[in-house]
Amino acid sequence: MSTETRTTCPYCGVGCGVIATVSDEGAVSVKGDPDHPANFGRLCSKGSALAETLDLEGRALYPEITGERTTWDKALDMVARTFAQTIATHGPDAVAFYVSGQLLTEDYYVANKLMKGFIGSANIDTNSRLCMASSVAGHRRAFGADTVPGTYEDLELADLVVLVGSNMGWCHPVLYQRLAAAKAARPGMKVVVIDPRRTATSDIADLHLSIRPDGDVALFNGLLAHLAKSTAIDENYLATHTTGFADTFAAASALSFAGLIESTGLSANELRQFFGLFERTEKAVTCYSQGVNQSSIGTNKVNAIINCHLATGRIGRPGMGPFSLTGQPNAMGGREVGGLANMLAAHMTIENPEHRDCVQRFWNAPTIASRPGLKAVDMFEAVADGRIKALWIMSTNPVVSMPDADRVKAAIEACPFVVVSDIVKETDTARLAHVLLPATGWGEKSGTVTNSERRISRQRPFLPSPGEARPDWWQIAEVARRMGFEEAFSFRSAAEIFAEHAALSAFENDGARDFDIGAHAAIDETGFDALAPFQWPQPAGTGPRTTRFFAEGRFFHPDGKARFVPVAPDVPQRTSSDFPLVLNTGRVRDHWHTMTRTGKSARLSAHIAEPYAEMHPADARGLSIGDADLVELASETGSRVIVRTLLSERQSRGSIFVPMHWTGETSAEGRIDALVPPVTDPVSGQPASKHVAVQARRFAAAAYGFAISANRPEGLDLPYFALARAPGGWRTELAWQQPAEELDGWCRARFRLPAKAELIGYGDRATGITRLAYFLEERLLLALFVATTPVAVSRQWAVGQLQQCHSDARTRFAVIAGRPAADRPDPGAIVCSCFSVGVNQIVGAVKGGCRTVEAVGKTLSAGTNCGSCRAEIRGIIDACHAAAAE
Ligand SMILES: Nc1nc2c(c(=O)[nH]1)N[C@H]1C(S)=C(S)[C@@H](COP(=O)(O)OP(=O)(O)OC[C@H]3O[C@@H](n4cnc5c(=O)[nH]c(N)nc54)[C@H](O)[C@@H]3O)O[C@H]1N2
Ligand SMILES: Nc1nc2c(c(=O)[nH]1)N[C@H]1C(S)=C(S)[C@@H](COP(=O)(O)OP(=O)(O)OC[C@H]3O[C@@H](n4cnc5c(=O)[nH]c(N)nc54)[C@H](O)[C@@H]3O)O[C@H]1N2
Ligand code: SF4
Ligand SMILES: [Mo]
């Protein structure tokens, strides 16, 4: 007998339904929920690997004060006392919460209630500031509320889908698969991808526009000016439901066509194609994500896009509309509870006295924050200069993910009192906590999340809470009670909190505010247990249904009309002669942010196991940097990072892409946010994480290494290392600045080898190659390959050696030889992580006659589960055919 629990994936904003099964022996398996309207049974590689991330290794299991285990009572008393004293002495603005779009709505609601209604400050901000703030600000300027008008189905119903600054194939993979399936079924449908890089997403694009960094406002202004002269304009919608078109049209027309070419970096032909396509296609959806939001002109980009949809009346109807794709599983829930420093609760506005009064009365609160609090970048600035003296960080890792990360780290170190709630004990941020509070994680906690299409789904527990871990909402409520707010924080369950949140959304609303889920205001435990995914709004007396906004106007500005927002087409100039290259940062397919969860899976770590800088070969050549060399990047923040070089024609010239996932735990100097200056959008406060001026030079390593080991290495005192999980152990990339000497002692200490471990070694002074392998009986404990050039050993083959039996000398020497035996061919770098299929196997299948992704799937199963790697498989097939044709 096994038990099945319906829950929701804790990663991206697609919000896929997951069925988790726990066997009698306690083994967990997951599959997509066929009935969930976000995914209809599909899961991507990260979702499929969820069961591999649930072990307790590295988990925070007990409360700690300055690194020593303590009781919950002592820890909570200390937090409550220190916050209360700080407020009494220095006022409410001397404390702050920095929270996360990965909290559940119930956690978020309680945190916001405590800060805004009971402490009386609005110093609660969230990592959503780094993520969605520009979309929120753009929505509020245009619509009068933070409303996402459409639904996922619109992508399938559209005849044109424009993806702006979104690598949906890797970052919203299941939605991408829905789009790809709709396009395959209806080939007339067109997809346009607007991204400086050619990404996996651009592989289904009919048109890829390799836009100049931050050229988006110019592009959409140009589109608006073009539309205004065409029959696509909807005069009736314009006149009835909007204001401000004339000024906006004037601003949009400011740039000549030549200026447009210059600002966007696109050709006249590309511009004409895109404008024509948009003009002709009524059913058009424009999706956008971090290439839009994470910019010093992010809010203007959002409004430039929305302007085009308002002008054509293409909004809120099936298959039409602007669509902000949210990143985190509960970015939307955080916005609903008002978890940003400049919002109130239930989509009410902090600056509006009636809203403040409404929320204060509903909460029966002693006070209410009367002005916006500090936004993330300003908040850490205030921590740095001592204005904030007590800080509580929940469910986010700012030492890695905030811009100017080295300064943020120093600020946290210097802060008199820091509380961190996390599920993991040793993150770069948790290490700095005075008080560490262990939180229950996915599979253990209970509550709700809202996905990108406004659909609220349950996360349900199916595992016991490990150690003494407790839900985030419980931690906050306990601190609130100890601060004297017993009555308002007497919640006994997530269901009670959700009911209060639903009641507030309906309180004195009557259709004046978009967010209304009053139908659930009286929900009880049984109802909460059974709650099926539903889209908001769902006011009292209504049932679940598909909801869209604004087809008939009814915007949330006082006059009920949308605002056109005139936006200047200026493209920020960041590069200089000292820092001539544009650094662009973002995500890889199989890792989630700072890797505290996906990093546990060897399967997910196999796709990309190292931090890298993707560069155009011509740029690299100019700097004498070769493929697989190490590269050192520096920016005006004064910090540096060292990562691997990956040469690719998909990268545009003058630009470098580095992923954001590597931390102080997994790399020597791979925290890319150390280079991102704290430049923000003036309206939204969102950092410009995609447009940083940097210089690059080859890092002259004296020796390079690659290790596979049973133990996790400790104390690697090297300028470069990158650590990843491998089946049965770890894989580590290394580099030395000085020639590596005395390797035996170094290996034994760093890899914690037992004294009995037997060494087989090989060294060649002439070539500078050294290979060491340590065995304990038939087990390989460590193999280290060192060379004066980047180590050319097949990683996938080497990684497999940890789980082989090395009972005879022949297999031991094969390890040292660094070559697969003839009967064990090297699968090559992993492409399909679901079935662990490598590039060499795919090339083999293509040579064997497979001509399509489907044929490769039939032969090797690659690409047939989550489908996230299908674009890469297509790329390999194309490359083989191109090579054959030469
Ligand atoms: N695998 C994976 N998936 C994730 C996450 C993860 O960590 N891993 N995180 C989730 C979260 S929180 C988020 S916010 C989303 C982010 O999802 P996305 O926004 O899709 O991902 P990013 O890689 O951050 O950036 C998207 C693209 O913006 C492009 N870009 C850079 N500058 C510009 C520009 O000036 N204009 C335009 N048009 N494009 C530009 C980049 O080249 C990049 O390909 O992903 C979510 N999904
Ligand atoms: N350069 C650059 N920087 C970026 C970005 C970029 O594109 N480029 N993207 C930005 C964006 S969009 C985002 S969203 C951020 C993400 O950045 P972060 O939020 O810092 O990244 P995560 O690794 O998701 O951090 C979540 C933390 O919460 C912990 N955790 C997981 N579940 C729970 C739980 O239930 N309770 C508690 N208390 N803790 C839990 C995890 O172990 C982890 O330490 O990064 C931002 N930074
Ligand atoms: S697309 Fe993948 S990561 Fe996103 S919610 Fe679905 S399964 Fe999870
Ligand atoms: Mo995000």
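Residues numbered from 1 in each chain as written. Chains lettered and ligands numbered in written order. Predicted model: local features only at pLDDT ≥ 70, side-chain atom pairs only at ≥ 80, totals over all residues. Heavy atoms only, no water.

Student: Requested: an account of the packing of helix H3 (residues 105-119) against helix H21 (residues 494-506), with residues and values cited.
Tutor: Between H3 and H21, the least distance of the axes is 9 Å, while the angle of their chain directions is 65°. Between H3 and H21, the angle falls in the class roughly perpendicular. As for the relative orientation of H3 and H21, their crossing is left-handed in sense. Where H3 approaches H21, its residues Thr105, Glu106, Tyr109, Val110 and Lys113 are matched on the opposing element by Ala494, Ile497, Phe498, Glu500, His501 and Leu504. Classifying every residue of the contact of H3 with H21 gives six nonpolar, two polar and three charged. (Axes fitted to C-alpha atoms, helices over the stretch in contact; angles between N-to-C directions. Helix = DSSP H or I, 4+ residues; strand = E, 2+ residues; numbered from the N terminus. Parallel < 35°, antiparallel > 145°, perpendicular 65-115°, else oblique. Left-handed = near helix turned anticlockwise from the far one by under 90°. Contact = heavy atoms within 4.5 Å. Nonpolar A, V, L, I, M, F, W, Y, C, P; charged D, E, K, R; others polar.)

Student: I'd like to hear about the packing of aromatic side chains, residue by residue, with values.
Tutor: Any pair of aromatic rings gets described here by the distance separating the centres and the angle formed by the planes. Under the defined criterion, the tally for this structure stands at 31 aromatic pairs. Each ring, one from Tyr152 and one from Phe323, has its centre 6.1 Å from the other, and the planes form 20°; the classification is stacked. Pair noted here: Tyr152 is in the loop between helix H4 (133-143) and helix H5 (153-157) and Phe323 is in strand S13 (residues 321-324), with a separation of 171 residues, a long-range link. Exposure class is identical for Tyr152 and Phe323. Each is buried. For the pair Phe550 and Phe556, a centre-to-centre distance of 6.2 Å together with 70° between the ring planes defines the contact as edge-to-face. Under the relative-accessibility criterion, Phe550 is labelled buried at 4%. Put simply, the rings of Phe143, Phe515, Trp536, Phe549, Phe550, Phe555 and Phe556 touch in pairs and so form one group of aromatic residues. Of note, Arg197 hangs over the ring of Phe657, and the distance from its end group to the ring centre comes to 3.6 Å. One residue, Arg454, lies across the ring of Trp536, its end atom 5.7 Å from the ring centre. (Phe/Tyr/Trp six-rings, centres within 6.5 Å; stacked < 30°, edge-to-face > 60°. Buried < 20%, exposed > 50% of the residue type's maximum accessible area, 1.4 Å probe, protein only. Lys NZ or Arg CZ within 6 Å of the ring centre and 35° of its normal.)

Student: Outline the pairing of strand S14 (residues 390-394), supporting the account with residue identities and numerical values.
Tutor: Across the five residues that make up S14, a large majority, five, are buried. Neither face of S14 is left uncovered, since the one carrying Ala390, Trp392 and Met394 and the one carrying Leu391 and Ile393 both have all their residues buried. Across four bridges, strand S6 (residues 95-99) lies against S14 in parallel orientation. Residue pairing for S14: Val95 is matched across the bridge by Ala390. Pairing between S14 and strand S15 (residues 417-422): five bridges, direction parallel. Each bridged residue has a counterpart across the sheet, and for Trp392 the counterpart in S15 is Val419. (Pairing = 2+ DSSP bridges.)

Student: Any chance you could break down the sheet that holds strand S9 (residues 190-194) for me, citing the residues and the numbers?
Tutor: Strand order in the open sheet formed by five strands is S10-S9-S8-S12-S13, with parallel pairing between adjacent strands. The sheet is open, and its two edges are formed by strand S10 (207-209) and S13, each paired on a single side. Strand-to-strand, the axes of this sheet are offset by a mean angle of 15°, without reference to chain direction. The sheet contact formed by S9 and S10 spans three bridges and is parallel. Residue pairing in the sheet places Val192 in a bridge with Leu207 of S10. Packed onto the sheet, helix H12 (residues 268-280) meets strand S8 (160-164), S9, S10 and strand S12 (284-288) and runs at close to 125° relative to S10.

Student: Give me the lowdown on the site of ligand 3, citing residues and values where you can.
Tutor: Lining the immediate environment of ligand 3, one finds Cys9, Tyr11, Cys12, Gly15, Cys16, Leu43, Cys44, Lys46, Gly47, Pro173 and Val174. Of all the secondary-structure elements, those providing two or more residues to the shell around ligand 3 are helix H1 (45-48) and helix H7 (173-185). (Near = heavy atom within 4 Å.)

Student: So what's going on with the domain arrangement of the protein chain? Residues and values would help.
Tutor: Here the protein chain is described as being made up of domain 1 (3-53), domain 2 (64-125 + 330-509), domain 3 (132-324), domain 4 (581-698), domain 5 (703-817) and domain 6 (830-885). Each of domain 2 and domain 5 was reduced to a C-alpha centroid, and the two centroids are 44 Å apart. (Domains from an automatic or database assignment.)

Student: So what's going on with the pattern of salt bridges? Which residues, and what values?
Tutor: A complete count under the given rule lists 56 salt bridges for this structure. Put simply, Arg361 and Asp357 hold a salt bridge, and the shortest N to O gap is 3.0 Å. Residue Arg361 and its partner Asp357 are located together in helix H16 (residues 353-363), separated by four residues, close to a single helical turn. Judged by relative accessible area, which is 42%, Arg361 ranks as partly exposed. Across the pair Arg589 and Asp590 runs a salt bridge whose closest N-O atoms are separated by 2.9 Å. When sorted by exposure, Arg589 lands in the same class as Asp590, which is buried. A network of salt bridges, in which partner residues are shared, links Asp73, Asp77, Glu478, Arg481, Arg482 and Glu486. (Salt bridge = Lys/Arg side-chain N within 4 Å of Asp/Glu carboxyl O.)

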